[in-house]
Amino acid sequence: MSAPLPIVVGGTIAIDNVKTPVSDEVNLLGGSAAYAALAASFYHAPVHLVGIVGKDFPPEHLAMLESRGITLDGVERSEGDSFTWSGEYFNNMNQRVTHRVGLNVLESWQVKVPAPINESNFVVLANMSPDNQLEMLAQCQSTSRFVIADTMDLWIEIANERLHDVLKQIDLFVINDSEAREFTRTNNLLQAGRMMLEKGPEHVVIKLGEYGAMLFSGGGQQFFRSHAYPLEEVLDPTGAGDSFLGALAGYLAAKGSVTPDFATLRDAVVHGSVLASFTCEAFSTRRLEALDAQALAGRMEHFRSVTVW
């Protein structure tokens, strides 16, 4: 079995304020890279984190990440205020309203990937502006690497050309279903997946939220559809998509190859779906913080039992 390969995760690290029908919580750990790095740490250690926080960022959040084998050498500390997001979910947890976004330190952030983590073979460009993704990618110097990128509707709307530049330089593109439809201008997700393969990446994953995920590979000739783990109660879905991304990346890095075959990619999608389900069971990263390997393995086994016939 191949040895695990170094992994670096870059993106936003945030302070979240989240309201749901159940509760109203503030000063939570949030941000695409924070969730992704924490999820990846269940499969791989260490995980190198790249991002920026402000002077007001709760130190206990950083301490928790370090305690999970996540290195913070790539996390810049600024005298400005941290990136913040405030949002609300209603009875339908699939939809949310953003009440406030404070870009703060992100407004002028230029990504810095210090040595030696810039030699990491697995590069995860979590949700951030395409300009920041390209900045990070330009600093990652390994000649043998596998690059995964996520995005969101905002960048499709205001930075479409730069997002296309990102797709030309990555191996795996991760996007949710509504964004895939917007990006490709088609309502058919099978067509959308194949259209995105034509934009540059070798592989595409379309996240379907509570309905699972779709994997496209081999120029569109290879396809896999995974269900999501069924949950009876969802307390806070914030960060589930980022957790999916991180678990998928961590699983691939742990396998030790920058050229994963389709079977390995398929398994990574399943692991991403199952681990992301835990994120939804508590606010912020609290459920992941309490999660152990035994509980994760148990849920994987249960998921296998209910999806095989």
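No experiment lies behind these values; they were computed from the predicted model shown.

Some remarks on the sheet that holds strand β7 (residues 96–102)
Strand order in this open sheet of four strands is β3-β2-β6-β7, and the pairing throughout is mixed. Either end of the sheet is taken by a strand with one partner, and the two such strands are β3 (24–30) and β7. The sheet shows a mean angle of 20° between the axes of neighbouring strands, taken without regard to direction. Relative to strand β6 (residues 84–89), strand β2 (residues 14–19) is paired through five bridges, and the arrangement is parallel. Pairing of I15 across the sheet is with T84, part of β6.

Focus: the nonpolar core
In terms of nonpolar packing, the biggest core is built from 60 residues, with I7, L49, I148, V205, L248 and L275 touching the most fellow members. For this core, the element with the highest residue contribution is helix α9 (residues 262–279), accounting for nine residues. With sequence-adjacent residues up to four places away left out, L248 is seen in contact with I148, L172, V205, A268, V269 and G272. A14, I170, A192 and L197 belong to the second-largest nonpolar core, a separate cluster that totals 38 residues.

Description of the environment of V9
Here V9 lies in strand β1 (residues 7–10). A C-alpha to C-alpha distance of 9.4 Å links V9 and S32, two positions 23 residues apart in sequence.

Brief notes about helix α3 (residues 130–139)
Every buried residue belonging to α3 is among P130, N132, Q133, L134, M136 and L137, and all of these are buried. Taken together, the buried residues of α3 touch β1, β8 (122–125), β9 (146–150), α4 (153–158) and α5 (160–167).

Thoughts on the packing of aromatic side chains
All told, the structure shown has five aromatic pairs when counted by the stated rule. Each ring, one from F122 and one from F146, has its centre 5.5 Å from the other, and the planes form 40°; the classification is tilted. Of the two residues, F122 is situated in strand β8 and F146 in strand β9; the sequence distance between them amounts to 24 residues. Per residue, the accessibility class of F122 equals that of F146, and both read buried. In this arrangement the basic side chain of K199 is found over the ring face of F183, its NZ or CZ atom lying 5.1 Å from the centre.

Notes on the pattern of salt bridges
Tallied over the full model, the rule gives twelve salt bridges. Residues E25 and R286 are paired through a salt bridge, measuring 3.3 Å at the closest nitrogen-oxygen approach. Remark: R286 occurs in helix α10 (residues 286–290) and E25 occurs in strand β3; sequence separation between them is 261 residues. Measuring nitrogen to oxygen at the nearest pair gives 3.6 Å for the salt bridge that ties K112 to E76. In this pair, K112 is assigned in the loop between β7 and β8 and E76 in strand β5 (residues 70–77), connecting sequence segments 36 residues apart.

Here's the deal with the UniProt feature "domain: Carbohydrate kinase PfkB" (unreviewed entry) in the chain
As recorded in UniProt, the feature "domain: Carbohydrate kinase PfkB" (unreviewed entry) lies at residues 21–286. Overall, residues 21–286 shows 35% helix and 24% strand. The separation of its end C-alpha atoms is 18 Å.

Here's the deal with the side chain of S82
Within the element layout of this structure, S82 appears in the loop between β5 and β6. Contact partners of S82, with chain neighbours within four places excluded, come to I15, V53, G54, D56, F57, G102, N104 and V105.

Concerning the side chain of H44
With respect to the helices and strands, the residue H44 is situated in the loop between α1 (32–40) and β4 (47–53). Taking relative accessible area as the criterion, H44 reaches 6% and is therefore assigned buried. Within the structure, H44 has its side chain in polar contact with the backbone oxygen of P46 (distance 3.1 Å). The contacts of H44, once residues within four sequence positions are left out, are P4, L5, P6, I7, G250, A253 and A254.

Comments concerning the sheet that holds β4
Strand order across the open sheet formed by nine strands is β5-β4-β1-β8-β9-β10-β11-β12-β13, with mixed pairing between neighbours. Looking at strand neighbours, the two that pair on one side only are β5 and β13 (222–226), the edges of this open sheet. Strand-to-strand twist across the sheet, computed as the mean angle between neighbouring axes with direction ignored, equals 15°. Of the pairings in the sheet, the one linking β8 to β9 comprises four bridges and is parallel in character. Each bridged residue has a counterpart across the sheet, and for L125 the counterpart in β9 is A149. Contacts from α1 reach β1, β4 and β5 within the one sheet, and its direction differs from that of β4 by about 165°.

Regarding the packing of α1 against helix α8 (residues 240–255)
The description of two helices packed together rests on the angle between their axes and the distance between the axes. Between α1 and α8, whose axes approach to 7 Å, the crossing angle comes to 40°. In this view, α1 runs oblique relative to α8, as classed from their interaxial angle. Like other packed secondary-structure pairs, α1 and α8 cross with a definite hand, here right-handed. Contact residues: S32, Y35, A36, A39 and A40 in α1; D242, S243, L245, G246, A247 and G250 in α8. Class assignment of the residues belonging to the contact of α1 with α8 gives a composition of six nonpolar, four polar and one charged.

Criteria and thresholds
- Residues numbered from 1 in each chain as written.
- Predicted model: local features only at pLDDT ≥ 70, side-chain atom pairs only at ≥ 80, totals over all residues.
- Heavy atoms only, no water.
- Pairing = 2+ DSSP bridges.
- Helix = DSSP H or I, 4+ residues; strand = E, 2+ residues; numbered from the N terminus.
- Axes fitted to C-alpha atoms, helices over the stretch in contact; angles between N-to-C directions.
- Core = buried A, V, L, I, M, F, W, Y, C linked by side-chain atoms within 4.5 Å.
- Buried < 20%, exposed > 50% of the residue type's maximum accessible area, 1.4 Å probe, protein only.
- Contact = heavy atoms within 4.5 Å.
- Phe/Tyr/Trp six-rings, centres within 6.5 Å; stacked < 30°, edge-to-face > 60°.
- Lys NZ or Arg CZ within 6 Å of the ring centre and 35° of its normal.
- Salt bridge = Lys/Arg side-chain N within 4 Å of Asp/Glu carboxyl O.
- UniProt positions renumbered as here; feature names shortened; annotations may be inferred.
- Polar contact = N/O pair within 3.5 Å; in protein donor to acceptor, adjacent residues only side chain to side chain.
- Parallel < 35°, antiparallel > 145°, perpendicular 65-115°, else oblique.
- Left-handed = near helix turned anticlockwise from the far one by under 90°.
- Nonpolar A, V, L, I, M, F, W, Y, C, P; charged D, E, K, R; others polar.

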